[in-house]
Amino acid sequence: MSLVPVRRRVVQVALTALAAAATTLAVVPASASAQGADAYLPVNYTCSSTLRIKAQQMTTTQLQSTCRSLAGQDAYFHNVVKDTGQPVANDRNTSLEVVVFSSGSEYRRLAGYLYGANTGAGGQYMEGDPSAYGNQARFVTYRDDTASTFTIKNLNHEYTHYLDGRFDMYGDWTANTSTPTLWWIEGLAEYVSYGYLGKWNAWAGGVASQQTYALSTLFDTTQQNDQDRIYAWGYLAVYYMLENHPADVAKVLGHYRTGNWQAARTYLKQTIGTSYDADFRRWLLT
Ligand SMILES: [Zn+2]
C-alpha cells in the first residue's frame, strides 16, 4: 500500500490498538471550568511560553519528551497545510494547556468532572472561544496504560486540532462545523499524527481496499457518521487531496481560514463535485 510514503514507513507499529485508539472528537464548545483541577493534577510543567502540561503524575523525562514531541510537530504541520504562519483573524489561543491523566480509568473518572470532557472518546480538544480574551485552549487526554512504553493517548492527533483551529479554521467549533468539515478536521489530525510520527495507519490501510465511499460522499461526513468514516476515511480523503490536488486544498483552506464556510462547501460539492471520484477509487487500491 502506498498510503504512507516510503520515507514515513519507518516504524510500522502499534497497529490495531493505535488505530482504534484514535477515536477522539473535538467537541464541547464551551471553555471548561477548571476550578479545583490543581488538586487532582499536581504536576505543572512549562514547555515554553505557549505550551504547558498539567498531569497527575509524570516524570521530568516524560514531560521533556512530550514537550519535544509537540514542539517538533509545528514545522511538520505548517508544511502540510502551507499556511503563512499567521493565525486566522481574531484567534487569541496563543497558548495551549495539555492535561494528562494517569490512566484511562482516571480520565473517565475526572475529565468530565473537571473539564466537561466527553470521556467516551480517547481524548478531547477544547478550543473554547478563540476570540475571547483570557480563553484557555486545552486538550485533555491520558497515559495509555496498555502501552509498553510511556505513551500519551492521541497526543499528536489532539495537538493537530489545536494547530488546525489556530491556523486553518476561523472561529470556534460551532462555526467550524456549521457545514460538513469533519472530513478535514479529523482527517488532517490523523494525517499529521501518523505522518509526523512516521507510523503506518493500519486502520485506514485496512478499509481502503473496500472502496466503501466516494470522495464526494466523504465531503459530507458529520459526527453522525461512524468512526471508520470519520477517522479512517477522513484520513484517506485528506491524504488523497493533499498529495494529488494541493491547489484545491489551498482553495478550500482559503475559505476555511476566513470563515467562508458556504464557499468552501460549494467548492467541494460543486466545483470538485464527483470529478475526482473515479481517480480516488483507483488510488485506494494503489
Ligand atoms: Zn480528533
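Every value quoted in this text rests on a predicted model; they were computed, and no experiment measured them.

Cut-offs used in this document
Residues numbered from 1 in each chain as written. Predicted model: local features only at pLDDT ≥ 70, side-chain atom pairs only at ≥ 80, totals over all residues. Heavy atoms only, no water. Core = buried A, V, L, I, M, F, W, Y, C linked by side-chain atoms within 4.5 Å. Buried < 20%, exposed > 50% of the residue type's maximum accessible area, 1.4 Å probe, protein only. Helix = DSSP H or I, 4+ residues; strand = E, 2+ residues; numbered from the N terminus. Contact = heavy atoms within 4.5 Å. Axes fitted to C-alpha atoms, helices over the stretch in contact; angles between N-to-C directions. Parallel < 35°, antiparallel > 145°, perpendicular 65-115°, else oblique. Left-handed = near helix turned anticlockwise from the far one by under 90°. Nonpolar A, V, L, I, M, F, W, Y, C, P; charged D, E, K, R; others polar. Expected span 1.5 Å × (residues − 1). Arc of directions from axis to C-beta. Pairing = 2+ DSSP bridges. Salt bridge = Lys/Arg side-chain N within 4 Å of Asp/Glu carboxyl O. Lys, Arg positive; Asp, Glu negative; His and termini not counted.

A. Representation of the nonpolar core within the structure. Grouped together as the largest cluster of nonpolar side chains are 65 residues, with contacts concentrated most on W184, L236 and Y256. Tallying contributions element by element places helix 10 (residues 227–244) first for this core, with 12 residues. Sequence-distant contacts of Y256, that is, excluding residues within four places in its chain, are made with D168, M169, Y170, P180, T181, W183, W184, W261, A264 and L268. Counting 13 residues, the second-largest nonpolar core is a separate cluster that includes A37, V99, Y115 and V140.

B. Local environment of the packing of helix 3 (residues 60–81) against helix 7 (residues 182–197). For the pair helix 3 and helix 7, the least separation of the axes is 10 Å and the interaxial angle reads 120°. By the angle between their directions, the pair helix 3 and helix 7 is classed as oblique. Remark: the crossing between helix 3 and helix 7 carries right-handed chirality. Only W184, L188, Y191, V192, G195 and Y196 of helix 7 make contact with helix 3, whose side of the interface consists of R68, S69, G72, Q73, Y76, F77, V80 and V81. Its residues assigned to classes, the contact of helix 3 with helix 7 comprises 9 nonpolar, 4 polar and 1 charged.

C. Examining helix 12 (residues 261–272) more closely. Compared with an ideal rise of 1.5 Å per residue, which puts 12 residues at 16 Å, helix 12 spans 15 Å between its outermost C-alpha atoms and is within 8% of the ideal. Within the sequence span of helix 12, burial applies to W261, A264, R265, Y267, L268 and I272. Taken around the axis of helix 12, the buried residues stretch over an arc of 155°, which confines them to a single face. Opposite its buried face, helix 12 presents the exposed residues Q262, Q270 and T271, each directed more than 90 degrees away. Buried positions along helix 12 lie against helix 6 (173–176), helix 7, helix 10 and helix 11 (246–257).

D. View of the environment of A232. By secondary structure assignment, the location of A232 is in helix 10. Distance from A232 to G187, taken between C-alpha atoms, is 7.4 Å for residues 45 residues apart in sequence. A232 has contacts with W203, A204, V207 and Q227, leaving out every residue within four places of it along the chain.

E. Region of interest: the pairing of strand 1 (residues 43–48). Looking at chain direction, strand 1 and strand 2 (residues 51–55) are connected through 5 bridges and run antiparallel. Bridge pairing in strand 2 links T46 to R52. Between the end of strand 1 and the start of strand 2, which pair antiparallel, lie 2 residues.

F. Inspection of the pattern of salt bridges at higher detail. Taken as a whole and assessed by the stated rule, the structure comprises 9 salt bridges. The closest approach of N and O atoms between R265 and D220, which form a salt bridge, is 2.7 Å. Of this pair, R265 sits in helix 12 while D220 sits in the loop between helix 9 (215–218) and helix 10; the two residues are 45 residues apart in sequence, bridging distant segments of the chain. For R265, a relative accessible area of 18% gives the class buried. With its nearest N and O atoms 2.9 Å apart, the salt bridge here joins D220 to K269. Within this pair, whereas D220 is found in the loop between helix 9 and helix 10, its partner K269 is found in helix 12, the two being separated by 49 residues in sequence. Judged by relative accessible area, which is 26%, D220 ranks as partly exposed. Each of R52, E97 and R138 takes part in a single network of salt bridges with overlapping partners.

G. A look at the side chain of D277. Positionally, D277 belongs in helix 13 (residues 277–283). The charged side chain of D277 is buried without a salt bridge, its nearest counter-charge being K269 at 7.7 Å.

H. Layout of the sheet that holds strand 2. An order of 1-2-3-5-4 is seen for the 5 strands of this open sheet, with the pairing classed as mixed. Looking at which strands have only one partner, the edges of the open sheet turn out to be strand 1 and strand 4 (124–126). Averaged over all neighbouring strand pairs, the angle between strand axes comes to 20°, with direction disregarded. Contacts from helix 3 reach strand 1, strand 2 and strand 3 (96–101) within the one sheet, and its direction differs from that of strand 1 by about 40°. Lying over the sheet, helix 4 (residues 104–115) contacts strand 2, strand 3, strand 4 and strand 5 (137–142), oriented at roughly 135° with respect to strand 3.

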